[in-house]
Amino acid sequence: MIAITTDPIDVASALKLLQADEAGAIDLFLGVVRDKTQERSVDHLEYEAYDRMAISEMRKIVDEANRRWKLLRCVVIHRKGTLRIGEIAVLIGVATPHRADAFDATRYVIDTIKQTVPIWKKEIFSDGEVWVNATP
Amino acid sequence: MIAITTDPIDVASALKLLQADEAGAIDLFLGVVRDKTQERSVDHLEYEAYDRMAISEMRKIVDEANRRWKLLRCVVIHRKGTLRIGEIAVLIGVATPHRADAFDATRYVIDTIKQTVPIWKKEIFSDGEVWVNATP
Amino acid sequence: MNASISVLLFGITRDITGQSAVSVPLSDGNRVGDLLQRLQQQYPRLSDIRSLLVAVNGEYADSDTVINSKDEVALIPPVSGG
Amino acid sequence: MNASISVLLFGITRDITGQSAVSVPLSDGNRVGDLLQRLQQQYPRLSDIRSLLVAVNGEYADSDTVINSKDEVALIPPVSGG
């Protein structure tokens, strides 16, 4: 399951989607809004997505992970809109028979999402704001 | 938090323990009872622990992970008793500022638990049973 | 024949232009590279961005890719999801 | 002075002996290696196990470690948690 949502990400529902009788390992990665970037205090984040393309790029990443590791289940949910500190921005869940594949695949998916998927975040500080990575 | 329990492992409560304002990444690994081992159908598993020593060995592992990666939060819960297919046998949760540390630490903790912590599992098949790893 | 194409804008490019889409005059046979050049002339601050890619119909496109008037075209500033 | 020590058993060692603890005669100065030897004489099937460690007071112990009568001693067959 691959989704972009403005609602809070529900870990329990994601976990249900990952269940499979052949699964011996589930790795669940959560990207969370933290209170600081390079020692600047973050007030909140704004995430924006080119939804259609973001979904199709995430689909490519999951397909490639499937080719490399033969996943039993894979869930990718990215949130957009306003996110406060402690909220989950992205959830990657992978179920495999053995644990090395679950770790490798989860890490591949999140690393690649950060490189290719058209989603952008703006950090809002008390005294300004910045689109992350946008300028040198 | 480090625990051995006979109760089902509650992922939502573990997740609450992992929350920290400085956390940007949470990795959650679940070891799950799967339906097959080397093509033999598993009916259920029995886990047994030398509780006192298992807790202290898990504590050592978490302390070492803390030294290597500086974790914000770490939760390790191992279940014992009778476990059915699909049930969670072990949960490792790690919260860190950045994701590479969360993945590395989680993997280190589960890999090392499997090597040093005095917990044993017996696989019960329809036609027999075996203590995993016990005999050549 | 001259037409124009609407280019979708996200993130910093939307902030720079103040719009979520801009209309760019397009001649037959125009390529992604031509589009980028035209946009940077129109909005010089786009050159401040670390890198600027173009998606055509939801796929990353080379600067050689020819744009047709029915294509969905988007500017893709450096992504920062996750 | 001769005493005896109770050795905790888990997993396959509990199945082999049919008990969750066995009492082993212990002389002053006896070491972990002596204990293992004595147990393997008493329960030859313990030699079928891939490896057998001993914990003294909840810590893995070398075969040189001296066992005292107040120690908590346990046999540790190959672990398989997780």
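The following paragraphs examine the structure supplied in this document. No experiment lies behind these values; they were computed from the predicted model shown.

## Focus on the interface of chain A and chain C
Opposite the 29 residues of chain A that make contact, chain C presents 24 residues. Taken together, both faces of the contact between chain A and chain C bury some 2,200 Å²; the carbon and sulfur share is 52%. Applying the counting criterion to the chain A and chain C interface returns four salt bridges. Here Asp-15 of chain C and Lys-122 of chain A are joined by a salt bridge, their closest N and O atoms 3.1 Å apart. For the pair chain A and chain C, the interface holds 21 residue pairs in polar contact (both at pLDDT 80 or more). Secondary structure elements with two or more residues in the side of chain A that touches chain C: strand 4 (40–49), helix 2 (51–69), strand 7 (88–96), helix 3 (99–116), strand 8 (119–125) and strand 9 (128–131) of chain A. A total of five residues in the side of chain A that touches chain C trace back to one element, the largest contributor, which is helix 2 of chain A. Its residues assigned to classes, the side of chain A that touches chain C comprises 15 nonpolar, six polar and eight charged.

## Side note on the packing of aromatic side chains
For the structure on display, the rule yields eight aromatic pairs over all chains. Taken together, a centroid distance of 5.0 Å and an interplanar angle of 10° make the contact between Trp-120 of chain A and Phe-10 of chain C stacked. Of this pair, Trp-120 of chain A sits in strand 8 while Phe-10 of chain C is found in the loop between strand 1 (2–8) and helix 1 (11–17), placing the two residues in two different chains. Cluster of aromatic residues (ring-pair linked, three or more members): Tyr-50 and Trp-120 of chain A together with Phe-10 of chain C. Across from the ring centre of Phe-125 of chain A, 4.0 Å away, lies the NZ or CZ of Arg-40 of chain A, which sits over that ring.

## A closer look at the environment of Ala-61 of chain C
Residue and element names in this part refer to chain C. Positionally, Ala-61 belongs in strand 4 (residues 59–61). By relative accessible area, which is 17% here, Ala-61 ends up buried. Linking Ala-61 and Leu-36, residues 25 residues apart in sequence, is a C-alpha distance of 12 Å.

## Focus on helix 2 (residues 32–42) of chain D
Listed as buried for helix 2 of chain D are Val-32, Leu-35, Leu-36 and Leu-39 of chain D. Buried residues along helix 2 of chain D cover an arc of 100° about the axis, so they all sit on one side.

## Notes on unusual backbone geometry
Comment: phi is negative for the bulk of residues other than glycine, and the bulk of peptide bonds are trans. Non-glycine residue Lys-70 of chain B carries a positive phi angle of around 55°. Mapping Lys-70 of chain B onto the fold places it in the loop between helix 2 (51–69) and strand 5 (73–79). Look at Lys-70 of chain B and you get exposed, because its relative accessible area is 65%. Of note, Asn-57 of chain C is a non-glycine position whose phi angle comes to about 55°, a positive value. Summarising the element assignment, Asn-57 of chain C is placed in the loop between strand 3 (53–56) and strand 4. Residue Asn-57 of chain C is classed as partly exposed on the basis of its relative accessible area, which comes to 33%.

## Overview of the nonpolar core
Within the largest apolar cluster, 66 residues are counted, with the highest numbers of intra-cluster contacts made by Val-76 of chain A together with Val-76 of chain B. If sequence neighbours within four positions are ignored, Val-76 of chain B has contacts with Met-1, Ile-2, Ala-3, Met-58, Val-62, Leu-91, Ile-92, Val-109 and Ile-113 of chain B.

## Quick word on the environment of Leu-36 of chain D
All names here are of chain D. Structurally, Leu-36 can be placed in helix 2. On a C-alpha basis, the gap between Leu-36 and Ile-16 in space is 15 Å, while along the polypeptide they are 20 residues apart. Apart from the residues lying within four places of it in its own chain, the contact partners of Leu-36 are Leu-52, Val-54 and Leu-75.

## Comments concerning the arrangement of the chains
Where chain B comes nearest to chain C, the C-alpha atoms are still 10 Å apart, and the two do not contact one another. Nothing in chain A touches chain D, and the closest approach of their C-alpha atoms is 10 Å.

## Some words on the sheet that holds strand 7 (residues 88–96) of chain B
The eight strands lie next to each other as 1(A)-5(A)-7(A)-2(A)-2(B)-7(B)-5(B)-1(B), forming an open sheet whose pairing is mixed. Only two strands of the sheet have a single partner each, and these edge strands are strand 1 (2–5) of chain A together with strand 1 (2–5) of chain B. For this sheet, the mean inter-axis angle between neighbouring strands, taken without regard to orientation, is 10°. Each of strand 1 and strand 5 (73–79) of chain A touches helix 2 of chain A; the most contacted strand, strand 1 of chain A, lies at about 150° to it. Its contacts with the sheet put helix 2 of chain B on strand 1 and strand 5 of chain B, and the angle it makes with strand 1 of chain B is roughly 150°.

## Describing the pairing of strand 1 of chain B
Residue and element names in this part refer to chain B. Residue alternation in strand 1 divides its side chains into two sets, Ile-2 and Ile-4 and Ala-3 and Thr-5, and both sets are buried. As defined by bridge partners, strand 1 adjoins strand 5 across four bridges and the pair is classed as parallel. The residue bridging Thr-5 from the neighbouring strand is Arg-79, located in strand 5.

## Comments concerning the pattern of salt bridges
Residue and element names in this part refer to chain A. Going through the model one piece at a time under the given rule, you end up with 32 salt bridges over all chains. Notably, a salt bridge pairs Glu-64 with Arg-67, separated by 3.0 Å at the nearest N-O pair. Remark: Arg-67 and Glu-64 occur in helix 2; sequence separation between them is three residues, near one turn of the helix. According to the relative accessible area criterion, Glu-64 is partly exposed, its value standing at 22%. For Arg-67, a relative accessible area of 61% gives the class exposed.

## What to know about the interface of chain D and chain B
At the junction of the two partners, chain D supplies 24 residues and chain B supplies 29 residues. Both sides of the chain D and chain B interface together cover about 2,200 Å² of buried area, and 52% of this is carbon and sulfur. Of all residues in chain D, Val-79, Ser-80 and Gly-82 of chain D give up the largest surface area on contact with chain B, accounting jointly for 28% of the area buried on that side. If you look at where chain D meets chain B, you find four salt bridges. Glu-48 of chain B is paired through a salt bridge with Arg-14 of chain D; the nearest N and O atoms lie 2.1 Å apart.

Conventions and cut-offs
Residues numbered from 1 in each chain as written. Chains lettered and ligands numbered in written order. Predicted model: local features only at pLDDT ≥ 70, side-chain atom pairs only at ≥ 80, totals over all residues. Heavy atoms only, no water. Contact = heavy atoms within 4.5 Å. Buried area = accessible area lost by both parts, 1.4 Å probe. Salt bridge = Lys/Arg side-chain N within 4 Å of Asp/Glu carboxyl O. Polar contact = N/O pair within 3.5 Å; in protein donor to acceptor, adjacent residues only side chain to side chain. Helix = DSSP H or I, 4+ residues; strand = E, 2+ residues; numbered from the N terminus. Nonpolar A, V, L, I, M, F, W, Y, C, P; charged D, E, K, R; others polar. Phe/Tyr/Trp six-rings, centres within 6.5 Å; stacked < 30°, edge-to-face > 60°. Lys NZ or Arg CZ within 6 Å of the ring centre and 35° of its normal. Buried < 20%, exposed > 50% of the residue type's maximum accessible area, 1.4 Å probe, protein only. Arc of directions from axis to C-beta. Core = buried A, V, L, I, M, F, W, Y, C linked by side-chain atoms within 4.5 Å. Pairing = 2+ DSSP bridges. Axes fitted to C-alpha atoms, helices over the stretch in contact; angles between N-to-C directions.

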